[in-house]
Amino acid sequence: MKNLTIRDRSDLHRREFLALAASSVGVGLTTRTSAAEVSRIVTLKEAHQGTLEIDLRIMNQYDVQPPEVQEFYTACRAALTGPNPEESLAQQCRNFNRSTLGGPM
């Protein structure tokens, strides 16, 4: 190999890095996704529907939550649509042994 300048070596390392990065990204883009993973993906259009099923799919999109977390979310969501949302939500927190912090959220 002929004598390379520092700039030539740097350019060579950059090209090697870019080739490696491109091949890694290509593999990631062509990896097959299971049907179960695809069914959990929520589109923006679906997200705006605001149904319980879609909200649970959003919550579980990247990592499926334990059943007790999903049950707590479902109960709290239902409590917030009742006639006395603050008391209903507080009751659900007591039922699931969770603390409420108060405040606007």
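Residues numbered from 1 in each chain as written. Predicted model: local features only at pLDDT ≥ 70, side-chain atom pairs only at ≥ 80, totals over all residues. Heavy atoms only, no water.

Caption draft 1: Main features of the overall build of the protein. A tally of helices and strands in the protein yields 6 helices and 0 strands. Starting at the N terminus, the α and β elements of the protein follow one another as α-α-α-α-α-α. For the protein, the proportion of its 105 residues judged to be buried stands at 13%. Long-range contacts, defined as pairs at least 24 residues apart, comprise 15% of the intrachain contacts of the protein with a sequence gap of at least 6. Accessible surface computed for the protein: about 8800 Å², of which carbon and sulfur atoms make up 59%. (Helix = DSSP H or I, 4+ residues; strand = E, 2+ residues; numbered from the N terminus. Buried < 20%, exposed > 50% of the residue type's maximum accessible area, 1.4 Å probe, protein only. Contact = heavy atoms within 4.5 Å. Areas by Shrake-Rupley, 256 points an atom, 1.4 Å probe, with all protein chains shown as cover.)

Caption draft 2: Molecular detail of helix 6 (residues 85–95). For helix 6, the complete set of buried residues consists of Ala90, Gln92 and Cys93. The buried residues of helix 6 occupy one face: seen down the axis, they fall within an arc of 160°. In the core, the buried residues of helix 6 are packed alongside helix 5 (67–79). Just downstream of helix 6, asparagine 97 is the residue with a positive phi angle, here 60°. (Arc of directions from axis to C-beta.)

Caption draft 3: Structural view of helix 5. A rise of 1.5 Å per residue sets the reference length of helix 5, with its 13 residues, at 18 Å; its end C-alpha atoms lie 18 Å apart and thus fit the reference within 8%. All buried positions along helix 5 are accounted for by Phe72, Ala75, Cys76 and Ala79. Here the buried residues of helix 5 occupy an arc of 95° about the axis, which is enough to place them on one side. (Expected span 1.5 Å × (residues − 1).)

Caption draft 4: Region of interest: the pattern of salt bridges. In total, this model carries 3 salt bridges according to the counting rule given. The shortest N-O distance in the salt bridge between glutamate 46 and arginine 57 comes to 3.3 Å. Of this pair, glutamate 46 sits in helix 3 (residues 44–47) while arginine 57 sits in helix 4 (residues 52–59), and the two are 11 residues apart along the sequence. We note a salt bridge from glutamate 87 to arginine 94, for which the minimum N-O separation is 2.9 Å. What makes glutamate 87 partly exposed here is its relative accessible area of 41%. On the basis of relative accessible area, arginine 94 is assigned to the partly exposed category, the value being 48%. (Salt bridge = Lys/Arg side-chain N within 4 Å of Asp/Glu carboxyl O.)

All we've got here are geometric facts, nothing functional implied.
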